[in-house]
Amino acid sequence: MKRSKKAALVLMVPVATLLLAGCGEEREQAMVFTDPSECSAAALNSAAQCEADYVAAQTLHPQVAPKYLNKEECETDFGAGQCETAPQQTTSGGSVFMPMMMGYMMGQMLNRGGAAGGNFQQPAAAGAGAAGSKIPTQPLYKSRDDRGTFRTATNTPVAGGIGPISLKPSQVKPQVGQVVRRGGFGQQAAARNSFGG
Amino acid sequence: MKRISVAERANWRAYAEEVGFNFHTFDGEPYWDETAYYQFSLQQIEEDLEAPTEELHQMTMDMVGDITRSEEMLTQLNIPRDFWSYIWNSWNKGEPHLYGRFDLVYDGTGPAKLLELNYDTPTSLFETGFFQWVWLEDQIKNGVLPERADQFNSLHDKIEQAFAQLKLPQPFYFTSVRDNIEDRGTVNYLMDMAAQAGVDVRYIALEDIGEVGEQFVDLDNQAIKGLFKLYPWEFMVQEDFARTITAANTQMLEPAWKMLLSNKGILSLLWNRYPNHPNLLPAFFETATSEPLGAGWVRKPLFSREGANVDLITSSGEKISAPGPYTDGGYVRQALHALPKYRDEYRNADTYAMLGSWVVGDSAAGICIREDESLITKDTSRFLPHIILD
């Protein structure tokens, strides 16, 4: 036979598309700790893993933490003595402030699957979380008027205390505060209306 | 090879729309046309189309390395100098390719002749791999065609296999120009097959691709590590993000070395390397000293799609031209080998047929047929299904 044995569609059929769009994403496992020693003491991860994720979160911290042009505004949101100078500067050379990191969230590896308490692999050295994990490892903060709750840099509350949690990955994607340019492709689209052949 | 009129399936338009084939009719004119089909013998398919397609593919692939090392050929092909080493690297790293299509003239006898290569952004994929496949299954089920009727069309199987084997970065992104429904249809079909092969697929409109530092990012600013782009390389290398392409470590499909093969100049380079090959037509780069276009010759822009800006003069001296926006590059000239003419009984008119022959990875993967009332096949040319029956 010179033709395909089957030619099935899964995404292009409207019902499937709706399911895909509407069904939502599943919750994933993660863990929250204040520091690596607390993480090791919980005995759910190796000490090396606890430390590596902590370093990854710390590296991400100055990039993703909310930024303020004066310390008072920062402390209004995060409490007296809870803010520090960010490594960034304003274009005129002024200081920038950000809240201190109060804890970190560890993503759980996809390929280990299963319940919280599973093994964690080495995370990426820095940046948006361990490769392969749906929940990116990242720093957490606490606001002035709600000291019990850990929040992400974009103010999403994730946990009321330390230990395993489950949440949807899209809620906690770290937004690195870098300059994004868009529209750099497609400029000839207006002039020529067909691109396939 | 015969053209045979046949009744249309009663509900095909509704079915087409249900499966996302929204461009079956374009500006009120039919694009998908099942008022007739073409019938081939198995021998015609295997000896005249399948084997020559694989041979042409191999000949073409054998030239890529030489072109990447030749300043003369890269210049003839109008490849921007900033991209020479990027292309060389893309070839030498062995960056994988997915698919391509040869356009051939064939009338049932004698060697098929290569008109051109669509090796970067070939479309009409869904019509070939899915819709004409379903058409045959339906017509067999309806008793219109015999059980033993077959089709040269393993496109769907082969592309799905390719996606399963390519080891693409995950998630893998697909992009096309936002408002082009035909291109979006092609990309949706590719995403569908990739998803079935286990790829984590994401769509992003071409205009939404972002750049942070030296990395392409999606709308959530997440890195795009792998990208299928239904947008010509020759445009990408001229646009604002061109510099980012060479700096970013995004794996592209088709890879950059395909830029050398989607260029009509390859027709001249092929003829120069394999003169008088039975499946090739004489072809030469047009230069400042070229004679005016003579009878029996075709003039094609190096970069052009869907027949745009093609001029030809028939052996009897009649000039036929297709308008278009591709007037800003060089040209090649190719000996005219006229498309075979058939009688369209449904429209009571003459029609010319061109044959597209697909390659997935390095294997021939099926054919598609486009018909036009003129000798130049265009984006408006109708798509007709085919069968194999001895």
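(A) Geometry of helix H2 (residues 42-68) of chain B. For H2 of chain B, spanning 27 residues, the distance from its first C-alpha to its last is 38 Å, which sits close to the expected 39 Å at 1.5 Å a residue. At Pro 52 of chain B, H2 of chain B shows its largest bend, some 25°.

(B) Spatial organisation of the interface of chain B and chain A. On the chain A side, the residues contacting the 70 residues of chain B number 37 residues. Carbon and sulfur atoms make up 50% of the surface buried where chain B meets chain A, a total of about 4,600 Å² over both sides. Across the contact surface, chain B and chain A share five salt bridges. A salt bridge links Glu 137 of chain B to Arg 3 of chain A, with the shortest nitrogen-to-oxygen separation between them at 3.0 Å. Of all the secondary structure elements, the ones that give two or more residues to the side of chain B that touches chain A are H2, helix H5 (125-141), helix H6 (155-165), helix H7 (181-196), strand S9 (210-212), strand S10 (215-217) and helix H8 (233-236) of chain B.

(C) Expanded view of the state of the cysteines. All names here are of chain A. Counted by the stated rule, this structure contains two disulfides over all chains. Put simply, Cys 74 and Cys 83 are joined by a disulfide, and their sulfur atoms are 2.1 Å apart. Linking Cys 74 and Cys 83, the disulfide has an S-S dihedral of approximately -90° and is accordingly described as left-handed. Among the residues examined, Cys 74 registers a relative accessible area of 0% and is labelled buried. Here the cysteine-cysteine linkages of chain A are recorded as 1-2, 3-4, numbering only bonded cysteines and doing so in sequence order.

(D) Representation of the sheet that holds strand S16 (residues 319-321) of chain B within the structure. Residues and elements named next belong to chain B. The sheet built from five strands is open, its strands ordered S13-S17-S14-S15-S16 with antiparallel pairing. Either end of the sheet is taken by a strand with one partner, and the two such strands are strand S13 (283-285) and S16. For this sheet, the mean angle separating the axes of adjacent strands, direction not counted, is 15°. Looking at chain direction, strand S14 (residues 297-301) and strand S15 (residues 311-313) are connected through three bridges and run antiparallel. Its bridge partner being in S15, Arg 299 is matched across the sheet by Asp 311. The sheet strands contacting helix H10 (residues 265-273) are S13, S14 and strand S17 (331-335), and the helix crosses S13 at an angle near 120°.

(E) Highlighting the pairing of S17 of chain B. Residue and element names in this part refer to chain B. Counting buried positions along S17 yields five of five residues, so the element is predominantly enclosed. On S17, burial covers both faces: Tyr 331, Arg 333 and Ala 335 on one face and Val 332 and Gln 334 on the other are all buried. One ladder, built from three bridges, connects S13 with S17; its direction is antiparallel. Along S17, the bridge assignment pairs Phe 285 with Val 332.

Reading the values: rules and limits
- Residues numbered from 1 in each chain as written.
- Chains lettered and ligands numbered in written order.
- Predicted model: local features only at pLDDT ≥ 70, side-chain atom pairs only at ≥ 80, totals over all residues.
- Heavy atoms only, no water.
- Helix = DSSP H or I, 4+ residues; strand = E, 2+ residues; numbered from the N terminus.
- Expected span 1.5 Å × (residues − 1).
- Bend = angle between axes of the 7 residues up to and from the residue.
- Contact = heavy atoms within 4.5 Å.
- Buried area = accessible area lost by both parts, 1.4 Å probe.
- Salt bridge = Lys/Arg side-chain N within 4 Å of Asp/Glu carboxyl O.
- Disulfide = S-S within 2.5 Å.
- Buried < 20%, exposed > 50% of the residue type's maximum accessible area, 1.4 Å probe, protein only.
- Pairing = 2+ DSSP bridges.
- Axes fitted to C-alpha atoms, helices over the stretch in contact; angles between N-to-C directions.

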